[in-house]
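What the coordinates show
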Amino acid sequence: MGWQVRAIRGATTVEENTIEAIREAVTELLDELDRKNQLAPDRLISVTFSVTRDLDAIFPAAIARARPGWDRVPLLDVQQMHVEGALPRCIRFLIHASVPADHFVAYHPYLRGAKQLRPDLP
């Protein structure tokens, strides 16, 4: 069986800029990623988190790093470009993973208010 690199996107929102709210949302988002894609941490090549400028209470990567096996995954946090009228208090990720070439179908989790970013996805 061969392997290929695939990108998986996802996003969520929080109601407030607090450590607790961000931790809950990031955990929920990554739990959904794990549940639907069943990716072992050693298959993750890298993860980039972006947050809107109204979120600065904690780094999403710090939350992810505490997950079992994620301490060896290269993680990066960046600030999302600000665009007037864009979805506020939004956390996004872009994950690159090594997956089976023949049968992997990526599930891109968009949760909470971020569902409106990709209404075409289930």
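Residues numbered from 1 in each chain as written. Predicted model: local features only at pLDDT ≥ 70, side-chain atom pairs only at ≥ 80, totals over all residues. Heavy atoms only, no water.

Points about the overall build of the protein
Helix and strand counts for the protein come out as 2 helices and 4 strands. What you see in the protein, going N to C, is helices and strands ordered as β-α-β-α-β-β. The C-alpha radius of gyration computed for the protein amounts to 14 Å, which stays within 12% of the reference 14 Å derived for 122 residues, consistent with globular compactness. Along the longest, intermediate and shortest principal axes, the C-alpha atoms of the protein span 45 × 30 × 25 Å. At a minimum sequence separation of 6, the contacts of the protein that also span at least 24 residues come to 87%. Accessible area for the protein stands at about 7,000 Å²; split by element, carbon and sulfur atoms hold 52% of it. (Helix = DSSP H or I, 4+ residues; strand = E, 2+ residues; numbered from the N terminus. Rg over C-alpha atoms; globule rule 2.2 N^0.38 Å. Contact = heavy atoms within 4.5 Å. Areas by Shrake-Rupley, 256 points an atom, 1.4 Å probe, with all protein chains shown as cover.)

Structural notes on the pattern of salt bridges
When the charged atoms of two side chains with opposite charge come close together, those side chains can pair. Per the counting criterion, the structure on display carries 6 salt bridges. We note a salt bridge from Arg67 to Asp31, for which the minimum N-O separation is 2.9 Å. With a gap of 36 residues between them, Arg67 in the loop between α2 (60-65) and β3 (75-79) and Asp31 in helix α1 (residues 19-37) connect regions that are remote in the sequence. Accessibility expressed as a relative area gives 40% for Asp31, which makes it partly exposed. Residue Glu32 is joined to Arg35 by a salt bridge in which the shortest nitrogen-to-oxygen separation is 3.0 Å. In this pair, Glu32 and Arg35 both sit in helix α1, 3 residues apart, roughly one turn of the helix. (Salt bridge = Lys/Arg side-chain N within 4 Å of Asp/Glu carboxyl O. Buried < 20%, exposed > 50% of the residue type's maximum accessible area, 1.4 Å probe, protein only.)

Points about the nonpolar core
One recurring pattern in soluble globular proteins is that nonpolar side chains are buried together. Counting 29 residues, the largest nonpolar core has Phe49 and Phe93 as the members making the most contacts within it. Put simply, the parts of the chain that give this core at least two residues each are α1, β2 (44-51), α2 and β4 (90-100). With sequence-adjacent residues up to four places away left out, Phe49 is seen in contact with Val26, Leu30, Pro60, Ala61, Ala64, Leu75, Leu76, Asp77, Val78, Ile91, Arg92 and Phe93. Residues Ala11, Leu87, Cys90 and Ala114 belong to the second largest nonpolar core, which totals 5 residues. (Core = buried A, V, L, I, M, F, W, Y, C linked by side-chain atoms within 4.5 Å.)

Things to note about the environment of Ile63
Among the structural elements, Ile63 can be located in helix α2. Between the alpha carbons of Ile63 and Glu16 there is a distance of 17 Å; along the sequence they are 47 residues apart. If we skip the residues at most four places from it in the chain, Ile63 touches Ile22, Arg23, Val26, Thr27 and Ile58.

Topic: unusual backbone geometry
Here Arg89, not a glycine, exhibits a phi torsion of approximately 45°, which is positive. Position of Arg89 among the secondary structure elements: in the loop between β3 and β4. Among the residues examined, Arg89 registers a relative accessible area of 28% and is labelled partly exposed. Its identity as a non-glycine residue notwithstanding, Arg112 has a phi of 50°, on the positive side. Summarising the element assignment, Arg112 is placed in the segment after β4.

These figures capture arrangement, not role.
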